[in-house]
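These are the residues of each chain, in order.
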Amino acid sequence: MMAAAAVELESSLELSFSGGGGGGAGLGSLPPARSRIFKIIVIGDSNVGKTCLTYRFCAGRFPQRTEATIGVDFRERAVTIDGERIKIQLWDTAGQERFRKSMVQHYYRNVHAVVFVYDMTNVASFHNLPSWIEECKQHLLTNEIPRILVGNKCDLRNAIQVPTDLAQKFADTYSMPLFETSAKNPNDNDQVEAIFMTLAHKLKSHKPLMLSQPPDNSEIQLTHGPKPALPCWC
Amino acid sequence: MSVRRPPPNGIARQDYDSKKKRKVAEIYQALSSSPIDVAALRRMAISEGGLLTDEIRRKVWPKLLNVSTDDLPPPPEPDLRERSTDYQQVLLDVRRSLRRFPPGMPDEQREGLQEELIDIILQVLERNPQLHYYQGYHDIVVTFLLVVGERLATALVEKLSTHHLRDFMDPTMDNTKHILNYLMPIIDQVNPEVHDFMQSAEVGTIFALSWLITWFGHVLSDFRHVVRLYDFFLACHPLMPIYFAAVIVLYREQEVLDCECDMASVHHLLSQIPQDLPYETLISRAGDLFVQFPPSELAREAAQQQAERTAASTFKDFELASAQQRPDAVLRQRFKERLRLEEPTKSVLTKPRTNRFVKLAVMGLTVALGAAALAVVKSALEWAPKFELQIFP
């Protein structure tokens, strides 16, 4: 039973990667890339649901069981925004502090956005956010990178320890938009989907110059793009 | 030597069974000789099929780790969990480790084992305050729990943690990172093309992190493969898992080279480990590589990778590097003798930038490996007499 479930989880993970058809060989079958890539890193304390969130977005459902992430996992999904095919890469990181200190920094390279996650039913994971934010600052070359804050597990209504107004205040302080959601039971219109798609739209419209695989056009300049329209996109 | 797994047809099957029977007999003979023939047990653990059954593992693993089964640690005290600062993290990780338990095990039994798993981990940590818990440690401990039971597992894991796993349990993961730095030099020795491809993809080595620090327990779903590898690693030098990691990458060289040359593609390809690897072949290859390119030979290059990234080579690095001096010296000497005897004109060890992997008379070498490894467990980290540190500038 368990082995079957495990295999199912893995194979559906395979399916969630664009291209498909590669079987165990995996990415041999990625589409020939002219499509732009948005690289997003997902960070936060252990057990806040980083793996479940990224899995939900890439595979379209809640994983039956997940384990502690060791090091960095990678998930990807191809989407089409305004007729343009875009690959969203989610880098899912280990929550234990010792990993981020010396292991994760390699993966901050060239990221286009950062998603901070806390567990709404675990106030400690909320209180640790400033240290994650500080850490992130040290690794990123620029302040212009969009960051969002996600409170996960909102379906556990009776166990909520972090009230929305407190989280909102915090998010405002750091000029980040706040989303409360549940990777397990997102509300009727799939919120996890909406969060990452919103992010992708923002990246598409505001950060055309920082992408690792720019499309063939002549707009490449060495200066930064215009400041984002919304003040919350720091 | 050609039998890899129980073959389907009758005659070969008979052959396999008789080989297995013979091996079982040899193992029990080594166990009953006085003093116990640990070198022979190491050979058995490395050679084809490993230690074969969990019943044998219960007897042999303690010998490989030089742990006395008469003097096991006391049961955990009732307030162990309250005293522990790691309890919360351990609890989170153990709760989520359902996949490590045999499929079909009743929930109640599994939950009981998970409680034991927590206790073993906390007890070893409490008895050894110099050790620090890392996510993935539980994947190693669960393997011992399932094979040898709680009390003996505590003793074995404690020994393992102060020796083979010691570097992973430092306050930081700097030494773990340093050990990962051996991966690319090994790959470079065997297949420079794959090495260069991975370097230009900037894939890093984190895809192998969970392999290394869990001894592949985190990524392999078939428990039989996990214990087979543990036989091998328990009998060998603490750096053997990184050689095995390199062998897996090299086994998939064509897939790697066919991959798009970017970090995400290569990371994803390599971190999804195929479940149908030819384990026996890869184990013997890892042994061959260890003998041909021992850690001491790679240490300088690995240290250089570290230096390039962190601009600070710590004393620990050198200590680690020199700690590998002695077994390598033994192994390399034997290897060179072999070369002199068998291939006097082909200088395998000095020709850079070509494919240098040489298939040796596979398990014959495990004699050398086993004998040298006997010393490893006794002193993996106490190895470096101070004067040896001067070898490294």
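Residues numbered from 1 in each chain as written. Chains lettered and ligands numbered in written order. Predicted model: local features only at pLDDT ≥ 70, side-chain atom pairs only at ≥ 80, totals over all residues. Heavy atoms only, no water.

K.L.:
Describe the overall build of chain A, and please don't skip the residues or the numbers.
P.N.:
Of the regular secondary structure elements, chain A holds seven helices and six strands. Overall, chain A shows an N-to-C arrangement of helices and strands of α-β-α-β-β-α-β-α-α-β-α-β-α. Expressed as a percentage of its 234 residues, the buried residues of chain A come to 55%. Look at the contacts in chain A between residues 6 or more apart in sequence, and 74% of them connect residues 24 or more apart. (Helix = DSSP H or I, 4+ residues; strand = E, 2+ residues; numbered from the N terminus. Buried < 20%, exposed > 50% of the residue type's maximum accessible area, 1.4 Å probe, protein only. Contact = heavy atoms within 4.5 Å.)

K.L.:
How would you sum up helix H7 (residues 137-148) of chain B? Please name residues and give values.
P.N.:
All names here are of chain B. Taking 1.5 Å as the rise per residue, H7 with twelve residues should run 16 Å; its terminal C-alpha atoms sit 17 Å apart, in good agreement. Counting buried positions along H7 gives eleven out of twelve residues, so the element sits mostly inside the fold. Structurally, H7 contributes buried residues whose contacts are with helix H3 (54-64), helix H5 (87-95), helix H6 (107-127), helix H8 (150-162), helix H12 (209-214) and helix H13 (223-235). In the stretch just after H7, Gly149 is the one whose phi turns positive, near 85°. (Expected span 1.5 Å × (residues − 1).)

K.L.:
An account of the packing of aromatic side chains is requested, with residue identities and associated values reported.
P.N.:
Counted by the stated rule, this structure contains 21 aromatic pairs over all chains. On the numbers, 4.9 Å between centres and 40° between planes, the contact of Phe57(A) with Phe196(A) is tilted. Linking Phe57(A) in helix H2 (residues 50-59) with Phe196(A) in helix H7 (residues 191-206), this pair joins segments that are 139 residues apart in sequence. Both residues of the pair, Phe57(A) and Phe196(A), belong to the buried class. An angle of 45° between the planes, with centres 4.8 Å apart, marks the rings of Phe170(A) and Tyr174(A) as tilted. Looking at Phe170(A), the relative accessible area reads 13%, which means it is buried. Assessed through its relative accessible area of 25%, Tyr174(A) is described here as partly exposed. By the ring-pair criterion, three or more aromatic residues cluster together here, those being Trp61(B), Phe144(B), Phe207(B), Trp211(B), Trp215(B), Phe216(B), Tyr230(B), Phe232(B), Phe233(B) and Phe244(B). For the cation-ring pair, Arg77(A) lies above Phe57(A), with the distance from its terminal atom to the ring centre recorded as 4.4 Å. Residue placement shows Arg100(A) over the ring face of Trp132(A); its charged tip is 3.7 Å from the ring centre. (Phe/Tyr/Trp six-rings, centres within 6.5 Å; stacked < 30°, edge-to-face > 60°. Lys NZ or Arg CZ within 6 Å of the ring centre and 35° of its normal.)

K.L.:
So what's going on with the interface of chain A and chain B? Residues and values would help.
P.N.:
Counting residues at the interface gives 41 residues for chain A, matched by 47 residues for chain B. For the pair chain A and chain B, the summed buried area comes to about 3,700 Å², and 56% of that belongs to carbon and sulfur atoms. When the buried area of chain A at its contact with chain B is split by residue, Glu67(A), Ile70(A) and Arg98(A) rank highest and sum to 21% of it. Our count for the chain A to chain B interface comes out at three salt bridges. Residues Arg99(B) and Glu67(A) are paired through a salt bridge, measuring 3.7 Å at the closest nitrogen-oxygen approach. (Buried area = accessible area lost by both parts, 1.4 Å probe. Salt bridge = Lys/Arg side-chain N within 4 Å of Asp/Glu carboxyl O.)

K.L.:
Run through the packing of helix H1 (residues 10-32) of chain B against helix H2 (residues 38-46) of chain B, naming residues and quoting values.
P.N.:
All names here are of chain B. One can describe the packing of H1 onto H2 by two numbers: an axis separation of 8 Å at closest approach and a directional angle of 150°. Taken together, the axes of H1 and H2 are roughly antiparallel relative to one another. The hand of the H1/H2 crossing is left-handed. The residues of H2 that touch H1, namely those facing Lys23, Glu26, Ile27, Ala30 and Leu31, are Ala40, Leu41 and Met44. (Axes fitted to C-alpha atoms, helices over the stretch in contact; angles between N-to-C directions. Parallel < 35°, antiparallel > 145°, perpendicular 65-115°, else oblique. Left-handed = near helix turned anticlockwise from the far one by under 90°.)

K.L.:
For the sheet that holds strand E2 (residues 72-81) of chain A, give the residues involved together with the corresponding values.
P.N.:
Residue and element names in this part refer to chain A. Pairing in this open sheet of six strands is mixed, and the strands run E2-E3-E1-E4-E5-E6 from one edge to the other. Since the sheet does not close on itself, it has two edges, and those belong to E2 and strand E6 (178-180), each with one partner. Each neighbouring strand pair of the sheet contributes to a mean axis angle of 25°, computed without reference to strand direction. Sheet topology places strand E1 (residues 36-44) next to strand E3 (residues 84-93); seven bridges connect them, and they run parallel. Residue pairing in the sheet places Ile41 in a bridge with Trp91 of E3. (Pairing = 2+ DSSP bridges.)

K.L.:
Residue-level account of the packing of H2(A) against H7(A), with values.
P.N.:
Residue and element names in this part refer to chain A. At a closest axis distance of 9 Å, the pairing of H2 and H7 adopts a crossing angle of 85°. It follows that H2 is roughly perpendicular to H7 by the angle criterion. Two secondary-structure elements touch here, H2 through Leu53, Arg56 and Phe57 and H7 through Val192, Glu193, Phe196 and Met197. Among the residues forming the contact of H2 with H7, the class breakdown is five nonpolar, no polar and two charged. (Nonpolar A, V, L, I, M, F, W, Y, C, P; charged D, E, K, R; others polar.)

K.L.:
If you had to explain the UniProt feature "transmembrane region" (unreviewed entry) in chain B to someone new, which residues and values would you point to?
P.N.:
UniProt records the feature "transmembrane region" (unreviewed entry) at residues 232-251 and 357-377 of chain B, using the numbering of this structure. Strand forms 0% of residues 232-251 of chain B and helix 80%; the C-alpha atoms that close the span are 18 Å apart. (UniProt positions renumbered as here; feature names shortened; annotations may be inferred.)

K.L.:
Before we move on, could you go through H2(A) and cite the residues and values that matter?
P.N.:
Counting buried positions along H2(A) yields nine of ten residues, so the element is predominantly enclosed. Positive backbone phi, approximately 85°, marks Gly60(A), located one or two places after H2(A).

K.L.:
Please provide a residue-by-residue account of the confidence of the model for chain B, values included.
P.N.:
All names here are of chain B. Mean pLDDT over chain B: 82, with 76% of residues reaching 70 or higher. Confidence, expressed as mean pLDDT per element, reaches its minimum in chain B at helix H19 (residues 315-323) with 35 and its maximum at H7 with 98. For residues 309-334, every residue scores under 50 in pLDDT, and the model assigns this stretch 62 contacts once sequence neighbours within four places are set aside. Throughout residues 361-365 the model reports pLDDT below 50, and contacts reaching past four residues in sequence, or to other chains, amount to eleven contacts. In the model output, the complex is listed with pTM 0.80 alongside ipTM 0.77. (pLDDT = per-residue confidence, 0-100.)

K.L.:
Requested: an account of the pairing of E1(A), with residues and values cited.
P.N.:
Residues and elements named next belong to chain A. Counted residue by residue, E1 has nine buried out of nine residues, so it is predominantly covered. Relative to strand E4 (residues 113-119), E1 runs parallel, the two being bridged by five bridges. Pairing of Ile40 across the sheet is with Ala113, part of E4.

K.L.:
Explain the nonpolar core residue by residue, including any values.
P.N.:
Ranked by size, the top nonpolar core spans 146 residues in total, and within it Trp61(B), Phe216(B) and Phe244(B) carry the most contacts. Among the elements that make up this core, the one with the highest residue count is helix H14 (residues 240-251) of chain B (ten residues). One finds Ile81(A), Ile86(A), Ile148(A) and Ala200(A) within the second-largest nonpolar core, a separate group that totals 27 residues. (Core = buried A, V, L, I, M, F, W, Y, C linked by side-chain atoms within 4.5 Å.)

K.L.:
Before we move on, could you go through the pairing of E4(A) and cite the residues and values that matter?
P.N.:
In terms of burial, E4(A) is a largely internal element, seven of the seven residues being buried. Residue alternation in E4(A) divides its side chains into two sets, Ala113(A), Val115(A), Val117(A) and Asp119(A) and Val114(A), Phe116(A) and Tyr118(A), and both sets are buried.

K.L.:
Report on the side chain of Arg36(A), specifying residues and quantitative values.
P.N.:
Secondary-structure assignment places Arg36(A) in strand E1. A polar contact of 2.7 Å, which involves the side chain of Arg36(A), links it to the side chain of Glu84(A). (Polar contact = N/O pair within 3.5 Å; in protein donor to acceptor, adjacent residues only side chain to side chain.)

K.L.:
Before we move on, could you go through the environment of Ala235(B) and cite the residues and values that matter?
P.N.:
Residues and elements named next belong to chain B. Following the sequence through the fold, Ala235 ends up in helix H13. The class of Ala235 is buried, set by a relative accessible area of 0%. For the pair Ala235 and Ile46, spaced 189 residues apart in sequence, the C-alpha separation works out to 6.6 Å.

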